[in-house]
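Below, each chain spelled out in residue letters.
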Amino acid sequence: MFELTAALIVFLFPLAYSPGPGNMFFAANGARFGPAATVPASLGYHVATLLVTLAIGFGFETTLERSPIVFQAIKWAGSAYVLYLAWKLFRASAIDTVGEARPAGVWGGAVLLLLNPKAYVIIALMFSQFLEAAAASGKLLAVGWISSVFTLNNLLAFTLWTLLGGQIAALFRDEARAHLLNRVFGSVLALVALWMMFG
């Protein structure tokens, strides 16, 4: 099992740590509100990650394969949601300004995962590569193990991106620089949304 765990982590490393909708979302929120304020969204995201991963591991991917329209609907809804977040961030003022802007909560984090087609593809691909090898110990244990490793690896990656966002934000505390930072992160999120739509 140790060898399989190591192989799974190596497989997931470039997928989890490269810029994507989740990483950019948490980096932007870490920059805007500070790392501590992202904890509720992270909780929502990773509880949803675990549940979706378990569902796919136990056969939900079959539904997606048989109904490509479901996948397309998730793809477009997720892209629209990330684009909406990008627009809100792009228009936000300085980081220290108290106004309408609030950090994402538990539900916002969960929605980000549920509407992220990249996550479904990665999860299905991961099971196609590792489930058979791990199933010697029983499918229930194998799906639970793979789902747990995937979720914890994502949590670590997103935490690092959140802290990175917080560190970047420390350099942009005045109004003009903070506005620039929000526009940069907003633009990056918008590019991620376009990639989700057409990539």
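Attention here is on the structure that accompanies the text. (Residues numbered from 1 in each chain as written. Predicted model: local features only at pLDDT ≥ 70, side-chain atom pairs only at ≥ 80, totals over all residues. Heavy atoms only, no water.)

### Looking at the overall build of the chain
For the chain, the helix and strand inventory stands at eight helices and zero strands. Secondary structure elements of the chain occur, N-terminal to C-terminal, as α-α-α-α-α-α-α-α. Of the roughly 10,100 Å² that the chain leaves accessible, carbon and sulfur atoms contribute 72%. (Helix = DSSP H or I, 4+ residues; strand = E, 2+ residues; numbered from the N terminus. Areas by Shrake-Rupley, 256 points an atom, 1.4 Å probe, with all protein chains shown as cover.)

### Points about the nonpolar core
Among the nonpolar cores identified, the biggest contains 35 residues, and L8, F25, I123, M126, F127 and I146 are the most heavily contacted of them. Elements represented by at least two residues in this core include exactly helix 1 (2-17), helix 2 (21-33), helix 3 (39-66), helix 4 (68-91), helix 5 (106-114), helix 6 (117-134) and helix 7 (139-170). The greatest single-element share of this core, amounting to nine residues, is contributed by helix 6. In contact with L8, other than residues within four places in its own chain, are M126, F130, W145, I146 and V149. (Core = buried A, V, L, I, M, F, W, Y, C linked by side-chain atoms within 4.5 Å. Buried < 20%, exposed > 50% of the residue type's maximum accessible area, 1.4 Å probe, protein only. Contact = heavy atoms within 4.5 Å.)

### Examining the packing of aromatic side chains
What the rule picks out here adds up to six aromatic pairs. Where F25 meets F26, the ring centres are 5.0 Å apart and the plane angle is 90°; that geometry is what we call edge-to-face. F26 carries the same exposure label as F25, and that label is buried. Grouping aromatic residues by their ring pairs yields a cluster made of F25, F26, Y45 and F158. (Phe/Tyr/Trp six-rings, centres within 6.5 Å; stacked < 30°, edge-to-face > 60°.)

### Comments concerning the environment of N29
Note on placement: N29 falls in helix 2. On a C-alpha basis, the gap between N29 and A104 in space is 7.6 Å, while along the polypeptide they are 75 residues apart. If we skip the residues at most four places from it in the chain, N29 touches G34, T38, P103 and A104.

### A word on the side chain of T5
Here T5 lies in helix 1. Side chain to side chain, T5 and W145 meet in a polar contact 3.1 Å long. Here T5 is in contact with W145 and V149, once residues within four sequence places are set aside. (Polar contact = N/O pair within 3.5 Å; in protein donor to acceptor, adjacent residues only side chain to side chain.)

### Brief notes about helix 1
Between its first and last C-alpha atoms helix 1 spans 22 Å; for 16 residues at 1.5 Å apiece the expected length is 22 Å, and the two agree. Along helix 1, the sharpest change in direction is near 30° and occurs at F11; proline P14 comes one to four residues later. What helix 1 keeps buried is the set T5, L8, L12, A16 and Y17. (Expected span 1.5 Å × (residues − 1). Bend = angle between axes of the 7 residues up to and from the residue.)

### Regarding the side chain of N153
By the element assignment, N153 lies in helix 7. A residue is classified by how much of its surface remains accessible, and N153, at 9% relative accessible area, is buried. If we ignore the near neighbours within four places in the chain, the residues touching N153 are I9, L12, A16 and Y17.

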